[in-house]
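Structure at a glance
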Amino acid sequence: MMLSLLLIASVLGLVKSVLIALLAVLNAILAAFAALAIWKAYIAVGLKVAFIILLCIPVVGILVYFLWGRKKVEAAS
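Below: a short report on this structure. In this text the structure is predicted, and so the values were computed from the model without any measurement.

Side note on the overall build of the protein chain
Regarding its fold elements, the protein chain presents one helix and zero strands. Seen through its principal axes, the protein chain has C-alpha atoms that stretch 110 × 10 × 10 Å. Relative to its full complement of 77 residues, the protein chain shows a buried share of 1%. By element, 84% of the accessible surface of the protein chain is carried by carbon and sulfur atoms, the whole surface being about 7100 Å².

So, in structure tokens, the structure goes:
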């Protein structure tokens, strides 16, 4: 009787340890997914800023040329 209680207690301890280990693995996987999601957001924002810069700088440059630079070029020639 005493041996079976000891066996049950050790099996319950083993099950508890395995469940805690599985919980730790699940936590690590979820943390990795969260880190990927954060970096994905940073990359998306960075790409949006880069596209805005690539679009706006030439447009602003062309506007400046037509408003101010064309007069300078015509005056110089």
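More follows now that the structure is in view.
Here's the deal with a nonpolar patch on the surface
There is a patch of nonpolar side chains on the surface, built from Leu 7, Val 11, Leu 14, Val 15, Val 18, Leu 19 and Leu 22 and spanning about 650 Å² of accessible area. Here Val 11 lies in helix 1 (residues 2–76).

Some details on the packing of aromatic side chains
A complete count under the given rule lists two aromatic pairs for this structure. Plain terms: the ring middles of Trp 39 and Tyr 42 are 5.5 Å apart, the flat faces sit at 70 degrees to each other, and that makes the pair edge-to-face. Of this pair, Trp 39 and Tyr 42 both sit in helix 1, three residues apart, which is roughly one turn of the helix. Residue class for Trp 39 comes out exposed when judged on its relative accessible area of 55%. Where Tyr 65 meets Phe 66, the ring centres are 5.4 Å apart and the plane angle is 65 degrees; that geometry is what we call edge-to-face. A relative accessible area of 39% means that Tyr 65 is categorised as partly exposed.

Observations concerning helix 1
Taking 1.5 Å of rise per residue, 75 residues should cover 111 Å, and helix 1 covers 107 Å from first to last C-alpha, within 8% of that figure. Of all the bends in helix 1, the greatest measures close to 50 degrees and is centred on Gly 69.

Calculation rules
Residues numbered from 1 in each chain as written. Predicted model: local features only at pLDDT ≥ 70, side-chain atom pairs only at ≥ 80, totals over all residues. Heavy atoms only, no water. Helix = DSSP H or I, 4+ residues; strand = E, 2+ residues; numbered from the N terminus. Buried < 20%, exposed > 50% of the residue type's maximum accessible area, 1.4 Å probe, protein only. Areas by Shrake-Rupley, 256 points an atom, 1.4 Å probe, with all protein chains shown as cover. Patch = residues over 30% accessible without salt bridge, like charges linked within 9 Å, V, L, I, M, F, W, Y side chains within 5 Å. Salt bridge = Lys/Arg side-chain N within 4 Å of Asp/Glu carboxyl O. Phe/Tyr/Trp six-rings, centres within 6.5 Å; stacked < 30°, edge-to-face > 60°. Expected span 1.5 Å × (residues − 1). Bend = angle between axes of the 7 residues up to and from the residue.

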